[in-house]
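Close look at the chain arrangement
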Amino acid sequence: MSLNSMKYMYFIDFNILLTEYFGLGSYVYCTKSNIPTMKLPKLLPAMALIALLSFSCSTDSIEEDKIETITSSFVPQAKVIEIEILELLNNHRLSIGLSPLKSMNIIKAQTYGHTDYMIDKNQVSHDNFLSRKTSLTNSTGASKVGENVAYAYSSSESVVNAWLNSEGHRNIIEGDYTDFDISAEKDENGKYYYTNIFIKK
């Protein structure tokens, strides 16, 4: 099944211990879920295992103080779809009694850099998340950083609904954060890639 025939969502949160997948001893929580638009092939379980092993986020063997920080200072003008997503996420938070989050250009620069990276790689991932986390921690004093990514959802409503219907993604959206931002960029085939980062200052 090709990448273009599936919609992908991933999330990562540095404050939840990974215990679901094969007992990995990591301080990173990483779940991958996909929502196929066509009948699943019989080999999907094997494909999922291969994807999980090849897209693993990170483990405690990585020392944060040795990670080179990837800095992105370019902040593109917000698109309508991005503004809509942020509004929908804040409306959801308000509907369950949580405070709305504030958008922040420093976060926007990080989301844009990662979305552009995913498009270049033609792959949805959390690659270099530790670098984004370190950069945001250093530049904003963030004590907590979370990230949701997605691919191929054509509207703000569809991507937000997909995140809210996934427990892990929803936990980040409803998490103890103060600020957030998003990047939504189209690849050469007109499919959107999304990166949504949350921080607590």
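Residues numbered from 1 in each chain as written. Predicted model: local features only at pLDDT ≥ 70, side-chain atom pairs only at ≥ 80, totals over all residues. Heavy atoms only, no water.

**Some words on unusual backbone geometry**
For clarity, the cut-off: Secondary structure is summarised from DSSP: a helix means a run of H or I of at least four residues, a strand means a run of E of at least two, and numbering begins at the N terminus for each.
Although it is not a glycine, Asn 128 sits at a positive phi angle of roughly 65°. Tracing the backbone through its elements, the reader meets Asn 128 in the loop between helix 3 (105–121) and helix 4 (129–140). Its identity as a non-glycine residue notwithstanding, Ala 152 has a phi of 80°, on the positive side. Tracing the backbone through its elements, the reader meets Ala 152 in the loop between strand 4 (144–151) and helix 5 (156–164).

**Brief notes about the packing of aromatic side chains**
Here is the rule: Between rings of Phe, Tyr and Trp, where Trp is taken as its six-membered ring, a pair exists when centres lie within 6.5 Å; planes separated by under 30 degrees are stacked, by over 60 edge-to-face, and by other angles tilted. Buried, partly exposed and exposed residues are distinguished by accessible area as a fraction of the type maximum, computed with a 1.4 Å probe on protein chains only: under 20%, between the cut-offs, and over 50%, respectively. We count a charge as sitting over a ring when the NZ of a lysine or the CZ of an arginine lies within 6 Å of the ring centre and within 35 degrees of the ring normal.
Following the criterion strictly, the structure yields 5 aromatic pairs and no others. With 4.6 Å between their ring centres and 55° between their planes, Tyr 151 and Tyr 193 make a pair best called tilted. Highlighted residues: Tyr 151 in strand 4 and Tyr 193 in strand 6 (residues 192–200), separated in sequence by 42 residues. Owing to a relative accessible area of 0%, Tyr 193 belongs among the buried residues under this scheme. Taken together, the ring pairs connect Trp 163, Tyr 192 and Tyr 194 into an aromatic cluster. Of note, Lys 144 hangs over the ring of Tyr 177, and the distance from its end group to the ring centre comes to 4.8 Å.

**Considerations on the nonpolar core**
Put simply, the rule reads: Put simply, buried Ala, Val, Leu, Ile, Met, Phe, Trp, Tyr and Cys residues joined by side-chain atoms within 4.5 Å make one nonpolar core. For this analysis, residues touch if any pair of their heavy atoms sits within 4.5 Å.
Judged by nonpolar contacts, the single largest core of 21 residues is most densely connected at Ile 85, Leu 89, Val 159, Trp 163, Tyr 194 and Phe 198. Of all elements in the fold, only helix 2 (80–95), helix 5, helix 6 (167–173), strand 5 (179–186) and strand 6 reach the threshold of two or more residues within this core. Counting residues per element, this core draws most heavily on helix 5, at 5 residues. In contact with Phe 198, other than residues within four places in its own chain, are Leu 89, Leu 101, Lys 144, Val 145, Gly 146, Asn 148, Ile 172, Ile 173, Tyr 177, Asp 179 and Phe 180. With 8 residues, the next largest nonpolar core counts Ile 107, Phe 129, Leu 136 and Ala 142 among its residues.

**Describing the side chain of His 126**
As for its position among the elements, His 126 is in the loop between helix 3 and helix 4. Classification of His 126 by relative accessible area gives buried; the value is 7%.

**Re the environment of Val 124**
Looking at the secondary structure, you find Val 124 in the loop between helix 3 and helix 4. Owing to a relative accessible area of 2%, Val 124 belongs among the buried residues under this scheme. Sequence separation of Val 124 and Tyr 193 is 69 residues, and the distance between their C-alpha atoms is 7.6 Å.

**Notes on the pairing of strand 4**
What counts, and what does not: Two strands are counted as paired when DSSP detects at least two bridges linking them.
Counting buried positions along strand 4 yields 8 of 8 residues, so the element is predominantly enclosed. What you see with strand 4 is no split at all: Lys 144, Gly 146, Asn 148 and Ala 150 on one side and Val 145, Glu 147, Val 149 and Tyr 151 on the other are buried throughout. Both strand 4 and strand 6 contribute to a ladder of 8 bridges, which runs antiparallel. Residue Lys 144 lies in a different strand from strand 6, and its bridge partner there is Lys 200.

**Quick notes on the confidence of the model for the protein**
Threshold: You can read pLDDT as the predictor saying how much it trusts each residue, on a scale of 0 to 100.
When pLDDT is averaged along the protein, the result is 75, and 64% of the positions lie at 70 or above. When the elements of the protein are averaged for pLDDT, strand 2 (residues 29–36) gives the smallest value, 34, and helix 2 the largest, 98. Across residues 1–6, confidence stays below pLDDT 50; counting only partners more than four residues off in sequence or on other chains, it has 22 contacts. Across residues 13–70, confidence stays below pLDDT 50; counting only partners more than four residues off in sequence or on other chains, it has 108 contacts.

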